[in-house]
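# Coordinates in review
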Amino acid sequence: MRISDRLERIKPSATLAVNARAQALKAQGREIISLAVGQPDFGTPAHVCEAAKAALDEGFTRYTPVPGIPELREAVAGYYGRFYGASASADNAIVSNGGKQVLYNLLMALLNPGDEVLIPAPYWVSYPAMVQLADGVSVFVSTTAEQDYLVTPDALEAARTARTRVLLLNSPSNPTGCCYTQARLDEIAAWARSRGVFVISDEVYDRLVYAPAEPASLSKAWEAHPETIAIVGALSKSFCMTGWRVGYALAHETLVKAMSKIQGQSTSNVNSIAQKAALTALNGSWDIVDEMKRSFVRRRDIAHAIITGWGAQCPKPDGAFYLFPVLDQFYTPDAPDSAAMCSKLLDEAGVALVPGSAFGDDKCIRFSYAVDDDTLRTALERVGKVLTGR
Ligand code: PLP
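Because the structure is a prediction, the values reported are computed rather than measured.

## Concerning the packing of helix α5 (residues 98-110) against helix α6 (residues 126-133)
- Here α5 crosses α6 at 40°, and the two axes come no closer than 9 Å. Viewed along their axes, α5 and α6 adopt a mutual orientation that is oblique. The two elements α5 and α6 meet at a crossing, and its hand is right-handed. In this structure, α5 uses Lys100, Leu103, Tyr104, Leu107 and Met108 to contact α6, whose residues at the interface are Ser126, Tyr127, Met130, Val131 and Leu133.
- Residue composition of the contact of α5 with α6, by class: eight nonpolar, one polar and one charged.

Take a look at the structure:
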């Protein structure tokens, strides 16, 4: 069977591969704990589920406009007003199948073949593959644990060329959990604007920021310079709705139309019932998120104390639900890199983790703390034993 050259070049998702191996071991009767998860372990809030049931009962089951029902687009625009004081209209919003499709649509709409995309590393696994699918070229800008994995305008400038078209920023970050302050985000956006580089700001974890840090967004900068920035958001992580597949963008009307064109020829609208649920989520109470944040802060502290207790370097992040410690001092001849070490930890500790190589940093391993406290402690004790022998 012949598969296109374009696809042959794309790597399969490392996260999915880890999960598949963990499932296979479970099927053999092994007790496996997964800290490889990329979703909150909380359920979708009841009032959101009720809204979906009502939509179904009302027969709201037909095609909708491709970029989303008007009231939902309005709610997306309203979200940025409510939380960040940015003023936008429904024409600046598009609703897509998760943050993932928003990113894909954006890259397809913005890139010509050979255009370069600056991607601070470590980066979310799908960015390079998406850039490649859109015929762009990823240019990675490395950051280190000492820098809390945050990029500077100087480092971006050093990586910029005449072909640089887009900067793909992600805060809070998957895999590091690190967050830019509002001031640093604004500084980077100003640098990008001065160089004619378009910023895609992936803010899908924006509600999951832990005090004293505060949520930051480029939505105000977008309002001032709408032709230079697009914001990516989603209900997946912040509202425990990963399976519903609702993401959205705030972007210039022309870009929204371009994205809508791509979406109209690929998936059309997001599931009509999920759109009604999303409308209730966006316009309703966000108290559930505060509860979830309290759990995440507690678990972050537990995990960070245990991991740094191994002697590993690990910034204590202000957002999302991941830790990304440097663990290469524990690599061994039989497990000389992050992928081999993750296999070893799966086999010997029964814990599934994602190798740092999937995120562009082979010295590290990603730990998700979206599991209950006891499970988290047990998993980390088992990993610690294999790594340190203690
Ligand atoms: N951006 C980042 C940084 C993510 O971690 C994810 C999901 O893991 C996404 C985007 C995509 O989210 P969604 O599930 O809404 O497609």
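Still to come is the rest of the account.
## Looking at the domain arrangement of the chain
- If you check the domain split of the chain, you get domain 1 (5-43 + 288-388) and domain 2 (46-283).
- Using only C-alpha atoms to locate each centre, domain 1 and domain 2 end up separated by 25 Å.
- The interface of domain 1 with domain 2 comprises 35 residues on the first partner and 31 residues on the second.
- Interface area, domain 1 with domain 2, both sides summed: about 2800 Å², of which 63% is carbon and sulfur.
- Of all residues in domain 1, Pro315, Asp318 and Phe359 bury the most surface against domain 2, accounting for 20% of the area lost on that side.
- Counting across the interface, domain 1 meets domain 2 through zero salt bridges.
- Along the contact surface separating domain 1 from domain 2 lie twelve residue pairs in polar contact (both at pLDDT 80 or more).
- Elements with a contribution of two residues or more to the side of domain 1 that touches domain 2: α1 (5-8), α12 (287-309) and β9 (322-323).
- Sort the elements by how many residues they give to the side of domain 1 that touches domain 2 and α12 lands first, with seven residues.
- Of the residues that constitute the side of domain 1 that touches domain 2, the class distribution is 21 nonpolar, seven polar and seven charged.

## Describing the nonpolar core
- Of all hydrophobic cores here, the largest spans 137 residues; its most connected members are Leu35, Ile200, Leu235 and Phe367.
- There are two domains that each give this core at least three residues, and those are domain 1 (5-43 + 288-388) and domain 2 (46-283).

## Regarding the side chain of lysine 293
- Within the secondary structure, lysine 293 sits in helix α12.
- Those residues in contact with lysine 293 that sit more than four places away from it in its chain are Arg207, Leu208, Val209 and Tyr210.

## A word on α12
- The end-to-end C-alpha distance of α12, which contains 23 residues, comes to 34 Å, matching closely the 33 Å that a straight helix rising 1.5 Å per residue would cover.
- Along its buried surface, α12 packs onto β9, β12 (365-368) and α14 (373-388).
- A positive backbone phi angle near 90° is found at glycine 311, which sits one or two residues after α12.

## Looking at the site of the ligand
- Around the ligand, the surrounding shell holds 15 residues, and the nearest of these are Gly99, Asp202, Ser236, Lys237 and Arg245.
- A distance of 2.9 Å separates an oxygen atom of the ligand from a polar atom in the backbone of lysine 100.
- For the ligand, the protein covers 92% of the area, taking 390 Å² as the surface of the free molecule.
- Looking at which element gives the most residues to the shell around the ligand, the answer is α5, with four residues.
- Counted by class, the shell around the ligand contains six nonpolar, five polar and four charged residues.

How each quantity is defined
Residues numbered from 1 in each chain as written. Predicted model: local features only at pLDDT ≥ 70, side-chain atom pairs only at ≥ 80, totals over all residues. Heavy atoms only, no water. Axes fitted to C-alpha atoms, helices over the stretch in contact; angles between N-to-C directions. Helix = DSSP H or I, 4+ residues; strand = E, 2+ residues; numbered from the N terminus. Parallel < 35°, antiparallel > 145°, perpendicular 65-115°, else oblique. Left-handed = near helix turned anticlockwise from the far one by under 90°. Contact = heavy atoms within 4.5 Å. Nonpolar A, V, L, I, M, F, W, Y, C, P; charged D, E, K, R; others polar. Domains from an automatic or database assignment. Buried area = accessible area lost by both parts, 1.4 Å probe. Salt bridge = Lys/Arg side-chain N within 4 Å of Asp/Glu carboxyl O. Polar contact = N/O pair within 3.5 Å; in protein donor to acceptor, adjacent residues only side chain to side chain. Core = buried A, V, L, I, M, F, W, Y, C linked by side-chain atoms within 4.5 Å. Buried < 20%, exposed > 50% of the residue type's maximum accessible area, 1.4 Å probe, protein only. Expected span 1.5 Å × (residues − 1). Near = heavy atom within 4 Å. Areas by Shrake-Rupley, 256 points an atom, 1.4 Å probe, with all protein chains shown as cover.

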